[in-house]
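Inside the fold
Residue strings, one per chain:
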Amino acid sequence: MSKEAKRPLGGLLVTQFFGAFNDNAWKQLVLLLGMNSVYIAGQGNETANLNWVTWSFLALTSALFVFTLPSAYIADRFSKRSVIISMKFLELALMATGLFFLWRSPEDHMLIFILVLIGLGAQSALFSPAKYGIVPQLVSHRGLSHANGLLELFTITAIVGGTLAMGSMVPYLGVARGDWLLDGKNMVWIAGGVMTLFSVVGLLTSFTIPRVPPAGSPAGIGSILRTAWRDIRSKRPLWLAILGLAFYWGIASFLGPVAIVKGEELVSDFEGILRNNGLLMGCFAIGIAIGSYICGRGSKGKVEYGFIPLGALGMAFFTLLMGLLSPGFKGSLFCFFMVGVSSGFILIPLNALLQWQASKEHRGSVIAVSNLFTFAGCIIGNLLGILL
């Protein structure tokens, strides 16, 4: 990709990085604080922890699902740059709220922290169609796969960073084995301070995204959704891409609770569980980043469908391998990594196909409808985590 084609993506990539970092860091913080509360209640067993993790995921994905419908209206009615900037202001407000209550008393405000998590889910739902929808307005069709590869690379790097940073930081701030204080002092607010600072940086970089006009004409949300649905059903590749993304994220959502269970198989101490869970999900996320980069580079200026069956076969093989052989922790690390690489092969062409096939004037609303299917898949995956 030329320097001219890369330059407009800089602000979007950095903005997305800090947003994805905060989303996953806060989610991880809520999980760890909740597991600490479960430990204090004397229910620190595998089932109780898994249920807390799964219900936290459900709170997040339910907010994503509910706020997807208004995102369809917003994404094409207004400039996608304006939507991105507005959502960064909302993110900053949420992080500042979380910081305040972390400073007050982390053990007494778990409900507030869940509400902030739900707010971040709503913010992400409104942000996502603008984030993906603006890419074709910044790069040419030939640059779509590479641009999506870069976007996924920055996103997954942020997910790895947010998850591992919080998993490593929180025990050192005194939250472990039922404790909330470090040397008699509440230090957990430092984690909230880091995320609030990152929100400020992400907000500032969002102003560097090039200005783009609104893609659609003023219309009611019902009309927008009907038009988007007609566009989806009239194009078989677009419809299959949406179904493929929904199916993939359903499986990926199930892997989160699986990582908790795998993390608890070999250790019984709280810190060990956090470490193992972080390593497993870190390997998964690093694999997605590498797979996304390989796919973006290998597409050579086009939407390359050939990566999709290769990724699907790899994902099926390595998940089946974990289920049948129980390969131990090191073997699970390798399997999670390879599932991640396979995921990158699936995500990049499907996202590029979605952006390419959707009509320009309602691309944002088509992506929002796609997100509706995707978040439904996430909810089903999380529910399977409870039932199985």
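Just so you know, these numbers come straight off a predicted model, no measurement behind them.

Counted by the stated rule, this structure contains 15 aromatic pairs. Note on Trp26 and Phe113: the rings are 5.8 Å apart at their centroids and 80 degrees apart in plane angle, and the pair reads as edge-to-face. In this pair, Trp26 sits in helix 2 (residues 9-40) while Phe113 sits in helix 6 (residues 110-138), placing the two residues 87 residues apart along the sequence. A relative accessible area of 0% means that Trp26 is categorised as buried. The class of Phe113 is buried, set by a relative accessible area of 0%.

Two residues of an α-helix separated by three or four positions point the same way, owing to the 3.6 residues in each turn. The terminal C-alpha atoms of helix 7 (residues 144-172) lie 42 Å apart, and with 29 residues this matches the ideal 42 Å at 1.5 Å per residue to within 8%. Two residues or fewer past helix 7, Gly174 is found with a positive phi of approximately 105 degrees.

Another point: the pattern of salt bridges. Tallied over the entire structure, the rule returns 2 salt bridges. Measuring nitrogen to oxygen at the nearest pair gives 2.6 Å for the salt bridge that ties Glu91 to Lys88. In this pair, Glu91 and Lys88 both sit in helix 5 (residues 80-104), 3 residues apart, roughly one turn of the helix. A salt bridge links Asp231 to Lys235, with the nearest nitrogen and oxygen atoms 3.0 Å apart. A relative accessible area of 8% means that Asp231 is categorised as buried.

About the criteria used
- Residues numbered from 1 in each chain as written.
- Predicted model: local features only at pLDDT ≥ 70, side-chain atom pairs only at ≥ 80, totals over all residues.
- Heavy atoms only, no water.
- Phe/Tyr/Trp six-rings, centres within 6.5 Å; stacked < 30°, edge-to-face > 60°.
- Helix = DSSP H or I, 4+ residues; strand = E, 2+ residues; numbered from the N terminus.
- Buried < 20%, exposed > 50% of the residue type's maximum accessible area, 1.4 Å probe, protein only.
- Expected span 1.5 Å × (residues − 1).
- Salt bridge = Lys/Arg side-chain N within 4 Å of Asp/Glu carboxyl O.

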